[in-house]
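Residue strings, one per chain:
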Amino acid sequence: MKQNSLKDKVVIITGASSGIGASCALAFGKAGAKIVITGRNQDKLNAVKSKLEAEGIVVLAISADAGVIADNERMAEIVLAEFGKIDILINNAGITMRALFENLDFEVFHKVMDTNFWGAVYATKVCLPSILENKGTVIGISSVNGFRGTPARTAYTASKYAMNGFFESLRTEVMKKGVHVLVACPGFTASNIRKNALTAHGSAQGDSPRDESKMMSSEEVAEEILKATLKRKRDLTLTTQGKLLKFLNKWMPGRLDHIVYNQLKKEKDSPFH
C-alpha cells in the first residue's frame with residue numbers, strides 16, 4: 001500500500017481501543033491519514049495512541065461511548081475544531097453476546113443494539129455533513145451475521161442486519177453526491193470481542209469458545225478494509241467461511257439452519273448442552 005495514498009485525509013474510527021479498530025488505525029495511518037480513535041476506556045486508547053505516534057502517525061484520542069448521542073456530537077465537534085474536516089468514518093464500535101433468547105435480559109439486547117446499530121447511526125449522522133462536503137467515505141464494520149443469523153446471538157445478529165439495511169439505504173441516498181459507502185463483513189476474526197461477549201444477564205463471557213488461532217487476524221482484516229476503501233468498493237466479505245455462509249444462506253437456507261445449530265452445539269460451554 002502506498003505510504004501517502006491517504007495523505008491529509010482525516011479518518012475517524014470508533015471502538016478503536018483494540019482489535020479491528022486499532023488495526024485499522026495503524027493501517028490507515030501508515031497510508032498517510034490523520035487518525036481519530038474513540039472508545040470508552042481512556043487508558044486503552046492512550047496505549048493505542050502511543051503505538052501509532054511511534055509510527056509517526058498524527059492521532060487524536062477521544063473518550064466516547066458510541067451508543068450515546070451526546071458523545072458522538074462532542075466527538076465530531078472536537079475533530080472539526082482540530083482538523084477542520086472529516087473524510088472517512090469507520091463505524092467499528094461493537095459488542096456481541098452469547099445466550100439463548102429465552103434466557104436473555106432485555107437490557108443486554110438494548111445494550112448490543114445501542115452500541116452496534118445506534119452507535120453507527122449517531123456517528124454517521126454527525127459526521128455526514130463534512131463527509132458530503134469532502135465526497136468522502138462511510139464504512140460500516142458489519143459481520144457475516146449481517147446476512148445469516150446464528151443461534152445464541154439474536155441481539156448481535158439483529159444489530160448487524162439493521163446496520164446492513166441502514167447503510168444500503170444511505171448508500172443510495174448519497175451515491176449521486178460523490179460519497180462512498182462500504183459495508184465490510186469480516187468472518188471470525190481473532191480479537192477480544194468474544195472474550196467480552198455479554199452473557200444472558202450482562203456479565204462478560206470470559207474465555208472465547210472458539211479457537212482464535214485459526215481465525216483471520218485483525219491486521220489482515222484492516223488491510224483488506226483499506227484496499228476496499230481505496231477502490232471504493234460497495235461490499236467486502238472476508239474469509240472463505242464467510243463467503244461460503246453467504247452463498248449457502250442464499251441457496252440452501254434450510255440446510256444451513258442445521259449446520260449452524262450443530263456448529264454451536266459443538267462449541268465449548270454451548271447453551272445447547
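Residues numbered from 1 in each chain as written. Predicted model: local features only at pLDDT ≥ 70, side-chain atom pairs only at ≥ 80, totals over all residues. Heavy atoms only, no water.

The name that an unreviewed UniProt entry assigns to the chain is Short-subunit dehydrogenase, with the source organism given as Algoriphagus chordae. As its UniProt record puts it under Sequence similarities (unreviewed entry), the chain is described as follows: "Belongs to the short-chain dehydrogenases/reductases (SDR) family." (UniProt positions renumbered as here; feature names shortened; annotations may be inferred.)

Draft legend 1. Examining the environment of Trp118 more closely. Counting through the fold element by element, Trp118 comes out in helix H4 (residues 106-133). For the pair Trp118 and Ala200, spaced 82 residues apart in sequence, the C-alpha separation works out to 21 Å. (Helix = DSSP H or I, 4+ residues; strand = E, 2+ residues; numbered from the N terminus.)

Draft legend 2. Summary view of the pairing of strand S3 (residues 59-63). The buried count for S3 comes to four of five residues, which makes it a mostly enclosed element. Direction of pairing for strand S2 (residues 34-39) relative to S3: parallel, over a ladder of five bridges. Following the sheet pairing, Val36 is matched in S3 by Leu60. (Buried < 20%, exposed > 50% of the residue type's maximum accessible area, 1.4 Å probe, protein only. Pairing = 2+ DSSP bridges.)

Draft legend 3. Region of the structure containing helix H7 (residues 240-251). The end-to-end C-alpha distance of H7, which contains 12 residues, comes to 17 Å, matching closely the 16 Å that a straight helix rising 1.5 Å per residue would cover. The set of residues buried in H7 consists of Gly242, Leu245, Leu248 and Asn249. Angular distribution of buried residues about the axis of H7 spans 130°; they occupy a single face of the element. Exposed positions of H7 whose direction lies more than 90 degrees from the buried face are Thr240, Lys243, Lys250 and Trp251. Its buried side turned inward, H7 meets helix H5 (154-174), strand S9 (235-237) and helix H8 (253-266). (Expected span 1.5 Å × (residues − 1). Arc of directions from axis to C-beta. Contact = heavy atoms within 4.5 Å.)

Draft legend 4. Examining H4 more closely. Counted at 1.5 Å a residue, the expected span for H4 with its 28 residues is 40 Å, and the 39 Å between its end C-alpha atoms agrees. Maximal helix bending in H4 amounts to about 50°, located at Cys127; proline Pro129 follows within four positions. Lys135 occupies a position one or two residues after H4 and carries a positive phi of about 50°. (Bend = angle between axes of the 7 residues up to and from the residue.)

Draft legend 5. Seen up close, the pattern of salt bridges. Throughout the structure, instances matching the rule amount to 10 salt bridges. Ionic pairing is found between Glu53 and Lys49, a salt bridge with its closest N-O pair at 2.7 Å. Within this pair, Glu53 and its partner Lys49 are both found in helix H2 (residues 42-54), separated by four residues, close to a single helical turn. Residue Glu53 is classed as partly exposed on the basis of its relative accessible area of 40%. Taking relative accessible area as the criterion, Lys49 reaches 23% and is therefore assigned partly exposed. (Salt bridge = Lys/Arg side-chain N within 4 Å of Asp/Glu carboxyl O.)

Draft legend 6. Quick look at the packing of H4 against H5. Axis separation between H4 and H5 bottoms out at 8 Å; the angle between their running directions is 20°. Between H4 and H5, the interaxial angle falls into the category roughly parallel. Considering the relative orientation of H4 and H5, their crossing is right-handed. Side by side, H4 and H5 meet where Phe109, Val112, Met113, Asn116, Phe117, Ala120, Val121, Thr124, Leu128 and Leu132 of the first sit next to Thr154, Ala155, Tyr156, Ala158, Ser159, Lys160, Ala162, Met163, Phe166, Phe167, Leu170 and Val174 of the second. (Axes fitted to C-alpha atoms, helices over the stretch in contact; angles between N-to-C directions. Parallel < 35°, antiparallel > 145°, perpendicular 65-115°, else oblique. Left-handed = near helix turned anticlockwise from the far one by under 90°.)

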